[in-house]
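Here are the chains, one letter per residue:
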Amino acid sequence: MTTPQGAQSRAQEPASTVPARARSKAPARYAALDLGTNNCRLLIAEPDPSGFRVIDAFSRNVRLGEGVETHGELSRAAMSRTIDALRICASKIRRHDVSRCRIVATEACRRATNARGFLRRVRRETGLEMEVITPEQEARLALAGCAPLLDEKAESLMVFDIGGGSTELIWLDLAGCAPAERQDLILALAPGRGGPDRSELRRAARERIVDWISAPVGVATLHDRYSDVESDADRYALMACHFEDHIAGFLPYEDEAAAAKLPGLQIIGASGTVTTIGALRLGLTKYDRAKVDGMWLERSASSRIARHLIDLGPEGRRLHPGVGPDRAELVIAGAAILQTILRLWPAPRIRVADRGLREGMLYSLMWAERARQH
């Protein structure tokens, strides 16, 4: 279990010091913290029949990876911003008496030369022990997080997750898999700590992965790379070409015959870019997760909105109530990635996921706990 330092093992505590919630056999609480290139996000949840119920959540734009594309290391300002956010997360984890927790860092910490020193500082100043996950683990966790959005009629599934520093795509063949078994199969792919689980279900699930790829291209890295290009339209075109260059090794991209063998394709997109464009498609001026998560976004509508965002210009995007200052800088980079994916795999519509890595970690923790109990 990964918890803030100083927390004692429940088995070693005197009965009088065990929290009342634990003594009353209340449902165990789980936490998942995802430290990405742009954002620090935390979910705390309890299991329930539908999956889990969120108890608390936290999200802050910390821009940890700012400058990593140019300088190869995390800046002092970015590390300080991030640690301030992580202190809040550590406080929430303690306050909610979390019993099992997973805390991961992704592309910025994979790439930065000073990441180890930063993680030592995080442990020293917040008590949080962070795990830098591999690109494959990131792709599989995002897939597991999106499992509830799977259409039971789909015969193959592609999930993509556009991050700040990388973009993961994973393709799953579901032909011949009974609808009732599909979610368990996908959840079994969520990697846990301590090495691979050799269960029969996990082996069967891994055999259904057609291919996966992690492109070291995300909204922040693309923005940094092409920030000197003045024209939004020119920058968008360069970004799209750069992203496509990095996914050329993805099997369904390389081999049209392989893709043709996988009919009934469903695409699920997870990222702030996809949810922002989904909210714009619905005409929302104030974001509403309940309306956006799980909605269907038509390819034609996504293309139209991407063109509109380019036409708005930097100031227009900042002032637009559906975009705002936090996303105005990066949404063009995200749109370039999204539209490239939709051009290469022209499904008429995709499903929008306001979920991903954190949900995948929670499902993984709860799935592993159920497996131990049985």
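See the structure shown above.
Presented here is an overview of the structure given in this document. Bear in mind that the values here come from a model prediction, so they are computed numbers and not experimental data.

This part takes up the side chain of arginine 140. The residue arginine 140 is located in helix 6 (residues 135–145) in this model. For arginine 140, the residues in contact, after removing those within four places along its chain, are Ile170, Leu189, Ala190, Pro191, Arg202, Arg206 and Ile209.

The strand order across the open sheet built from 5 strands is 3-2-1-4-5, with neighbouring strands paired in mixed fashion. Edge positions in the sheet fall to strand 3 (51–61) and strand 5 (131–132), since each has one partner strand and no second. Of the strand pairs in this sheet, strand 2 (residues 39–48) and strand 3 are connected by 10 bridges, and their pairing is antiparallel. From the neighbouring strand, leucine 43 faces strand 3, where its bridge partner is alanine 57. Here helix 3 (residues 76–95) sits on the sheet in contact with strand 1 (30–35), strand 2, strand 3 and strand 4 (100–105), set at roughly 155° to strand 3.

Evaluated as defined, the whole model comprises 25 salt bridges. As a salt-bridge pair, aspartate 293 and arginine 355 come within 2.6 Å of each other at their nearest N and O atoms. Of the two residues, aspartate 293 is situated in the loop between helix 14 (289–292) and strand 10 (296–298) and arginine 355 in the loop between strand 11 (349–353) and helix 18 (357–373); the sequence distance between them amounts to 62 residues. For the residue pair aspartate 293 and arginine 355, the accessibility class agrees, reading buried in each case. When the shortest N-O distance is used, the salt bridge between arginine 318 and glutamate 315 registers 2.7 Å.

This part takes up the sheet that holds strand 6 (residues 156–162). By way of backbone hydrogen bonds, the strands of a sheet pair with one another, either parallel or antiparallel. What the 6 strands build is an open sheet, ordered 8-7-6-9-11-10; its pairing is mixed. Every interior strand has two partners, whereas the edge strands, strand 8 (209–215) and strand 10, have only one. The sheet shows a mean angle of 20° between the axes of neighbouring strands, taken without regard to direction. Strand direction decides the pairing type here: strand 6 and strand 9 (residues 265–270), joined by 6 bridges, are parallel. Bridging from a neighbouring strand, aspartate 161 pairs with alanine 270 of strand 9.

Trans peptide bonds make up most of the peptide bonds, and negative phi angles are found at most residues other than glycine. Located in the positive-phi region is arginine 63, a residue other than glycine, with phi close to 50°. Its place among the elements puts arginine 63 in the loop between strand 3 and helix 2 (68–71). In this structure, aspartate 97 takes a positive phi of about 55° despite not being glycine. In this fold, aspartate 97 is placed in the loop between helix 3 and strand 4.

Here we take up helix 3. Look at helix 3: 29 Å from first C-alpha to last across 20 residues, which is about the 28 Å you get at 1.5 Å a residue. On its buried face, helix 3 is in contact with strand 1, strand 2, strand 3, strand 4 and helix 5 (115–126). A positive backbone phi angle near 55° is found at aspartate 97, which sits one or two residues after helix 3.

Next up on the list: the environment of alanine 205. Along the chain, alanine 205 turns up in helix 8 (residues 200–207). For alanine 205, a relative accessible area of 1% puts it in the buried group. Those residues within four positions of alanine 205 in sequence are excluded, and the remaining contacts are Leu172, Leu185, Ala188 and Leu189.

Turning next to empty space enclosed by the protein. Inspection of every chain in the model, using the stated rule, returns 1 cavity of 30 Å³ or more. Empty space within the largest cavity amounts to approximately 40 Å³. Taken together, Thr37, Gly65, Val68, Glu69, Glu107, Ala108, Arg111, Gly165 and Thr221 form the lining of the largest cavity. The set of elements that each furnish at least two residues to the lining of the largest cavity consists of helix 2 and helix 4 (107–111). In terms of residues, the lining of the largest cavity owes the most to one element, helix 4, which gives 3 residues. A per-class count over the lining of the largest cavity returns 2 nonpolar, 4 polar and 3 charged.

Criteria and thresholds
- Residues numbered from 1 in each chain as written.
- Predicted model: local features only at pLDDT ≥ 70, side-chain atom pairs only at ≥ 80, totals over all residues.
- Heavy atoms only, no water.
- Helix = DSSP H or I, 4+ residues; strand = E, 2+ residues; numbered from the N terminus.
- Contact = heavy atoms within 4.5 Å.
- Pairing = 2+ DSSP bridges.
- Axes fitted to C-alpha atoms, helices over the stretch in contact; angles between N-to-C directions.
- Salt bridge = Lys/Arg side-chain N within 4 Å of Asp/Glu carboxyl O.
- Buried < 20%, exposed > 50% of the residue type's maximum accessible area, 1.4 Å probe, protein only.
- Expected span 1.5 Å × (residues − 1).
- 1 Å grid on protein atoms, 1.4 Å probe; cavity = no way out; pocket = protein on both sides within 12 Å on 5 of 7 lines; lining within 4 Å.
- Points joined across faces, edges and corners; volume = space filled by probe spheres on them.
- Nonpolar A, V, L, I, M, F, W, Y, C, P; charged D, E, K, R; others polar.

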